[in-house]
Amino acid sequence: MQLFLEAIKQYPEYLREFFGYGGYERAPEGFLSWQHLLFISYFLAAMVFFGIYFGLRNRHADDVAKNKVLVATAIVINAFELFRIVALCIRNNNPLDWLYNLPLFLCSIQFITIPLAAFSKGRVREAALDFVFIFGILAAVMGNIGAGQNYGTYPVLSLDNVFSAITHSISGFASLYIAVSGLASMKKKNMWISFTIITVVSAIAYAVNLILPYNYMFLMRDDGTPYSIVYNLVNGNRVLYPLIVLLLFFAYIFVFYLIYYLIGKRRSKKAEA
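Participant: Explain the pattern of salt bridges to me, using residue names and the numbers behind them.
Facilitator: Under the counting rule described, the total for this entry stands at six salt bridges. In this structure, Asp 63 and Arg 125 form a salt bridge, with 3.4 Å as the shortest nitrogen-oxygen distance. Of the two residues, Asp 63 is situated in helix 4 (residues 63-91) and Arg 125 in helix 6 (residues 122-144); the sequence distance between them amounts to 62 residues. The class of Asp 63 is partly exposed, set by a relative accessible area of 43%.

As structure tokens, this is what we get:
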């Protein structure tokens, strides 16, 4: 790894600066700066366009054709994430840096659930599709607009922010594609699976946070994210804060289902009229 770090010094300055080898010389433009907002607007616009475009194109296609997009999405999102982790391990000269990049954030659960939606069958696939549909768009919005911990620490055009924007936007794309193409089942009997996934991941994340220590799922502190509202409300209480965060996940799932069915009923009434 040391040899690689020496070799990277031969690369152009702009390339070293993008990957952050030796530390970033540029000061962060700042969270919610115009650079941050302009940067993510491109990704969010592309996410919406391609999610709707491919969704409409495959809306009346068979399940095999619809699934090809999910297969490609699963491969691409994990390829970007794997590249990012390897780059960070090399940059930080620490082969164990992957321990701080486990899929234990709300956004990074999609690295598991999108492949499950693409490659599994039956009820597991149904539940995975619904989970991506429910949380993919939230991951895209929160991970791009609400990522105060990233855009307040690193320059906008950097490995940390560019790859974060890519993977979060891919999650949002998958969510929109599933919705528009008609892949979401949103069966009430599968709602408990989404609750279970969130609960299990949160429990594992909390345990890992205590061991490393770290802040997976933002269960230990807000780190400049919108969770700061809850964190400040309970003065950072180590019990109440993570419990409320988990309850917010439950509430989000429930409200998402509620809105989905209310919209469905309204459409049915219009069709009958």
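Participant: Tell me about the packing of helix 4 against helix 8 (residues 159-181), and name the residues and values.
Facilitator: Two elements in contact, helix 4 and helix 8, have axes separated by 10 Å at closest approach and are oriented at 165 degrees. With respect to helix 8, the axis of helix 4 lies roughly antiparallel. In the crossing of helix 4 with helix 8, the sense of the turn from one axis to the other is left-handed. For the contact of helix 4 with helix 8, the residue count by class is 17 nonpolar, four polar and five charged.

Participant: How would you summarise the nonpolar core if you had to cite specific residues and measurements?
Facilitator: Grouped together as the largest cluster of nonpolar side chains are 65 residues, with contacts concentrated most on Leu 106, Ile 178, Ile 198, Met 217 and Phe 249. Residue assignment for this core shows that the elements contributing at least two residues are helix 3 (34-57), helix 4, helix 5 (110-119), helix 6, helix 8, helix 9 (191-211) and helix 11 (240-272). Considering every element that reaches this core, the biggest residue donor is helix 8, with eleven residues.

Participant: How would you summarise the confidence of the model for the protein if you had to cite specific residues and measurements?
Facilitator: Of the residues in the protein, 92% have a pLDDT of 70 or more, and the chain-wide mean is 91. When mean pLDDT is compared element by element in the protein, helix 3 scores highest at 97, while helix 1 (residues 2-8) scores lowest at 51.

Participant: Explain the packing of aromatic side chains to me, using residue names and the numbers behind them.
Facilitator: With the rule as written, the count across this model stands at 28 aromatic pairs. Judged by centre distance (4.8 Å) and plane angle (40 degrees), the rings of Phe 131 and Phe 135 are tilted. Separated by four residues within a single helix, Phe 131 and Phe 135 lie in helix 6, roughly one turn from each other. The residues Phe 131 and Phe 135 share a single accessibility class, namely buried. Between Tyr 231 and Tyr 241, the ring centres sit 5.1 Å apart and the planes meet at 85 degrees, which makes this aromatic pair edge-to-face. Taken together, the residues Tyr 231 in helix 10 (residues 228-233) and Tyr 241 in helix 11 connect sequence positions ten residues apart. Judged by its relative accessible area of 1%, Tyr 241 falls in the buried class. In this structure an aromatic cluster arises from ring pairing among Phe 131, Phe 133, Phe 135, Tyr 252, Phe 256, Tyr 257, Tyr 260 and Tyr 261. Here the basic side chain of Lys 188 rests over the ring of Tyr 261, its NZ or CZ set 5.0 Å away from the ring centre.

Participant: Quick rundown of the environment of Leu 15? Include the residues and the values.
Facilitator: For Leu 15, the location among the structural elements is in helix 2 (residues 13-19). Given the relative accessible area of 25%, Leu 15 is considered partly exposed.

Participant: Now, about the packing of helix 5 against helix 6: what can you tell me, with residues and values included?
Facilitator: Their axes nearest at 8 Å, the elements helix 5 and helix 6 cross at an angle of 135 degrees. Our classification of the angle between helix 5 and helix 6 gives oblique. Our pair here, helix 5 against helix 6, has a crossing hand that is left-handed. Between helix 5 and helix 6, the residues in contact are Gln 110, Thr 113, Ile 114, Leu 116 and Ala 117 and Val 124, Arg 125, Ala 128, Leu 129, Phe 131, Val 132, Phe 135 and Gly 136, respectively.

Parameters and conventions
- Residues numbered from 1 in each chain as written.
- Predicted model: local features only at pLDDT ≥ 70, side-chain atom pairs only at ≥ 80, totals over all residues.
- Heavy atoms only, no water.
- Salt bridge = Lys/Arg side-chain N within 4 Å of Asp/Glu carboxyl O.
- Helix = DSSP H or I, 4+ residues; strand = E, 2+ residues; numbered from the N terminus.
- Buried < 20%, exposed > 50% of the residue type's maximum accessible area, 1.4 Å probe, protein only.
- Axes fitted to C-alpha atoms, helices over the stretch in contact; angles between N-to-C directions.
- Parallel < 35°, antiparallel > 145°, perpendicular 65-115°, else oblique.
- Left-handed = near helix turned anticlockwise from the far one by under 90°.
- Nonpolar A, V, L, I, M, F, W, Y, C, P; charged D, E, K, R; others polar.
- Core = buried A, V, L, I, M, F, W, Y, C linked by side-chain atoms within 4.5 Å.
- pLDDT = per-residue confidence, 0-100.
- Phe/Tyr/Trp six-rings, centres within 6.5 Å; stacked < 30°, edge-to-face > 60°.
- Lys NZ or Arg CZ within 6 Å of the ring centre and 35° of its normal.
- Contact = heavy atoms within 4.5 Å.

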